[in-house]
Protein chains: 2
Amino acid sequence: MSKRPLILVTNDDGITAPGVRALIEVVKPLGDVVVVAPDSPQSGMGHAITINSTLFVEKISEEGSEIEEYSCSGTPADCVKLAINEILNRRPDLCVSGINHGSNASINVIYSGTMSAAIEAGIEGIPAIGFSLLDYNWSADFTSAKYFARKIVENAINEGIPDDVILNVNFPNLPEKDIKGIKICRQARANWKEEFDKRQNPMGKDYYWLTGKFVNMDKGQDTDIYALQNGYVSVVPVQFDLTAHHCIQQLNSWNLND
Amino acid sequence: MSKRPLILVTNDDGITAPGVRALIEVVKPLGDVVVVAPDSPQSGMGHAITINSTLFVEKISEEGSEIEEYSCSGTPADCVKLAINEILNRRPDLCVSGINHGSNASINVIYSGTMSAAIEAGIEGIPAIGFSLLDYNWSADFTSAKYFARKIVENAINEGIPDDVILNVNFPNLPEKDIKGIKICRQARANWKEEFDKRQNPMGKDYYWLTGKFVNMDKGQDTDIYALQNGYVSVVPVQFDLTAHHCIQQLNSWNLND
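Values in this document were obtained by computation on a predicted structure and should not be read as measured data.

Attention now moves to the side chain of Ser-103 of chain A. Residues and elements named next belong to chain A. Relative to the helices and strands, Ser-103 resides in the loop between strand E5 (94-101) and helix H3 (108-111). Classification of Ser-103 as buried rests on a relative accessible area of 19%. Side-chain polar atoms of Ser-103 contact the backbone nitrogen of Ala-105, separated by 3.0 Å. Each residue touching Ser-103, except ones within four places of it in the same chain, is listed here: Asn-108, Ser-132, Leu-133, Leu-134, Tyr-136 and Asn-170.

This is the structure:
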């Protein structure tokens, strides 16, 4: 490659989050970096896009600074669409999203704004990786996550991510010396057991807070949850073809066309 | 089954949309029906859930009316979580979502609130189907969609939807006599070519409207887009295991653990 790769950085915790600062440090030595990230936290936004409202974008880096940064009023998926179509003057060679404050392993991939940004880039044909650390605190320690993130990004640039595949990377909340390595995994079959906290507002009207417990019913040792619980960084290759190809034959036996 | 099946109805266009009224008519003869749907349109919400805000639920049907209806301040996925955990007194046997005003075929499944509700039910282990009509108008004619939706729901109840699979059903905007039948399909590989409409607000600040053109690069004759373009109702079995299983071996050849 004659030019340095152009790397688009985004996230869902917002452009001021420590996690995106850590990710910028990871990729800065590896290419030209442009940041386009939400101006406020967007956790749990899934793959939302803004179609019934306006989008504002503001350049927040100073003229001539090493890294261009833009803050956007939209969702993570909006940020990627805007970056590719309006902000960047060439197609990025890689999109990295995160480092999220909190897990996006297993079924969390479905609700994740971090992964929706990476998947949006993948849909646009741009190699993409989402990174998450299993620590919700704003003061989380990203030291070991940064070390392993760099390894993964270097491999992605050198080897190339397979077409139409996005990497979902999660880091256990451990110091580097206690992390056993990086494992390629499948998504564990798990879900959230919701517990709605029901309250009454001052006007006597009921309302709810969504809370819940993560329940893993998957006993496999090849899952992301198993890897994380055993001290490994998990890497799940993710696709946006949601077709359950294995069911097509079975459904063809239904009486749909009598 | 001794009891009539309990059928949960939801959507993303909001509880007052003509599409959800059409779907209620479809399922009313087939079971006991409870409606829990957003109080306002939620299109493009993807799989968003409300974690940083409160949720309000209001019973809007009158005491003793044939069908219980609840309007919810959250997203389609919130509606399903609330219905299952707080509103319904037994687990639903089926969840149907829609009928959406507009296509959720191909890549639209990723951005779809209609499908996120159905997928949320699927994650909870409840058989689920999302329905969409290829007509964005509020005054869309749901006559033929209703006819084919009934066939599909009856088959789903009789045959059973495979575990961890959700049906994504799209209806062409045609009268019943011009619809050739129902086809089981795979999701077409297509995407949106974004065109951001850039404007200036009265204070001189730039803003954008997201618009775009749907581009299908998939020439397959087994896709949902092909079926719809040729006068068929498309049914895509959808899964929430996003793992690209076919890539795991290739990624294991990367130098991640030197």
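With that out of the way, let us pick up the UniProt feature "domain: Survival protein SurE-like phosphatase/nucleotidase" (unreviewed entry) in chain A. In the numbering used here, UniProt assigns the "domain: Survival protein SurE-like phosphatase/nucleotidase" (unreviewed entry) feature to residues 7-194 of chain A. Regarding residues 7-194 of chain A, the helix share stands at 29% and the strand share at 26%, and the terminal C-alpha atoms are separated by 38 Å.

Before going further, it helps to spend a moment on the state of the cysteines. Tallying each qualifying case throughout the model produces zero disulfides over all chains. The structure places no disulfide on Cys-79 of chain A, whose sulfur is separated from the nearest cysteine sulfur, that of Cys-72 of chain A, by 3.9 Å. For Cys-95 of chain B, which is in no disulfide, the shortest distance to another cysteine sulfur is to Cys-79 of chain B and amounts to 9.9 Å. On the basis of relative accessible area, Cys-95 of chain B is assigned to the buried category, the value being 0%.

Right, let's talk about the sheet that holds strand E2 (residues 32-38) of chain B for a bit. Residues and elements named next belong to chain B. Strands sit in the order E3-E4-E2-E1-E5-E6-E7-E11-E8 across an open sheet of nine strands; the sheet is mixed. A single partner strand is all that each edge strand has here, and the edge strands are strand E3 (57-59) and strand E8 (181-184). Pairwise comparison of adjacent strand axes, ignoring direction, gives a mean angle of 20° for this sheet. Bridge count between E2 and strand E4 (residues 68-72): five bridges; the pairing is parallel. Its bridge partner lying in E4, Val-34 is registered against Glu-68. Packed on one face of the sheet, helix H2 (residues 76-87) meets strand E1 (6-10), E2, E3, E4 and strand E5 (94-101) and runs near 135° to E2.

Turning next to the UniProt feature "binding site: a divalent metal cation" (unreviewed entry) in chain A. Residue and element names in this part refer to chain A. Under the present numbering, the feature "binding site: a divalent metal cation" (unreviewed entry) in UniProt falls on Asp-12, Asp-13, Ser-43 and Asn-100. A maximum C-alpha distance of 9.1 Å among these annotated residues, which run over 89 residues, shows that they cluster at one spot. With respect to the helices and strands, Asp-12 occurs in the loop between strand E1 (6-10) and helix H1 (18-27). Discounting chain neighbours no more than four positions away, the residues touching Asp-12 are Pro-38, Ser-40, Pro-41, Gln-42, Ser-43, Gly-44, Pro-76, Asn-100, Gly-113 and Thr-114. In this fold, Asp-13 is placed in the loop between E1 and H1. Residue class for Asp-13 comes out buried when judged on its relative accessible area of 7%.

To continue, consider the pairing of E2 of chain B. Looking along a regular strand, one sees the side chains alternate between the two faces of the sheet. Residue and element names in this part refer to chain B. Among the seven residues that make up E2, six are buried, leaving the element largely enclosed by the rest of the structure. Across four bridges, E1 lies against E2 in parallel orientation. Opposite Leu-6, over in E2, you have Asp-32 as the bridge partner.

We now examine the relation of the copies chain A and chain B. In screw terms, the move from chain A to chain B is a rotation of 180° and a rise of 0.0 Å along the axis, fitting with an RMSD of 0.0 Å. Viewed as a symmetry operation, the transformation between the two copies matches a two-fold axis. An overlap of 100% is found between the interface residues of chain A and their copies at the interface of chain B, pointing to a shared contact surface.

The next subject is empty space enclosed by the protein. Considering all chains together, one arrives at one cavity of 30 Å³ or more under this definition. Put simply, the largest cavity is a space of about 210 Å³. Residue lining of the largest cavity: 21 residues in total, with His-47, Ile-110 and Leu-242 of chain A together with His-47 and Ile-110 of chain B positioned closest to the centre. When contributions to the lining of the largest cavity are tallied by element, the ones reaching two or more residues are H3 and helix H4 (113-123) of chain A together with helix H3 (108-111) and helix H4 (113-123) of chain B. For the lining of the largest cavity, the element with the highest residue contribution is H4 of chain B, accounting for three residues. Here the lining of the largest cavity is composed, by residue class, of eleven nonpolar, ten polar and no charged.

Residues and elements named next belong to chain A. Strand order in the open sheet formed by nine strands is E3-E4-E2-E1-E5-E6-E7-E11-E8, with mixed pairing between adjacent strands. Either end of the sheet is taken by a strand with one partner, and the two such strands are strand E3 (57-59) and strand E8 (181-184). Strand after strand, the sheet turns through a mean of 20° between neighbouring axes, direction not considered. In the packing of helix H2 (residues 76-87) onto the sheet, contacts are made with E1, strand E2 (32-38), E3, strand E4 (68-72) and E5, and the angle to E2 comes to roughly 135°. Where helix H5 (residues 143-159) meets the sheet, it contacts E1, E5, strand E6 (128-133), strand E7 (165-171), E8 and strand E11 (232-239), and its direction lies at approximately 170° from that of E6.

Quick notes on the rules
Residues numbered from 1 in each chain as written. Chains lettered and ligands numbered in written order. Predicted model: local features only at pLDDT ≥ 70, side-chain atom pairs only at ≥ 80, totals over all residues. Heavy atoms only, no water. Helix = DSSP H or I, 4+ residues; strand = E, 2+ residues; numbered from the N terminus. Buried < 20%, exposed > 50% of the residue type's maximum accessible area, 1.4 Å probe, protein only. Polar contact = N/O pair within 3.5 Å; in protein donor to acceptor, adjacent residues only side chain to side chain. Contact = heavy atoms within 4.5 Å. UniProt positions renumbered as here; feature names shortened; annotations may be inferred. Disulfide = S-S within 2.5 Å. Pairing = 2+ DSSP bridges. Axes fitted to C-alpha atoms, helices over the stretch in contact; angles between N-to-C directions. Least-squares fit on C-alpha atoms with pLDDT ≥ 70 in both. 1 Å grid on protein atoms, 1.4 Å probe; cavity = no way out; pocket = protein on both sides within 12 Å on 5 of 7 lines; lining within 4 Å. Points joined across faces, edges and corners; volume = space filled by probe spheres on them. Nonpolar A, V, L, I, M, F, W, Y, C, P; charged D, E, K, R; others polar.

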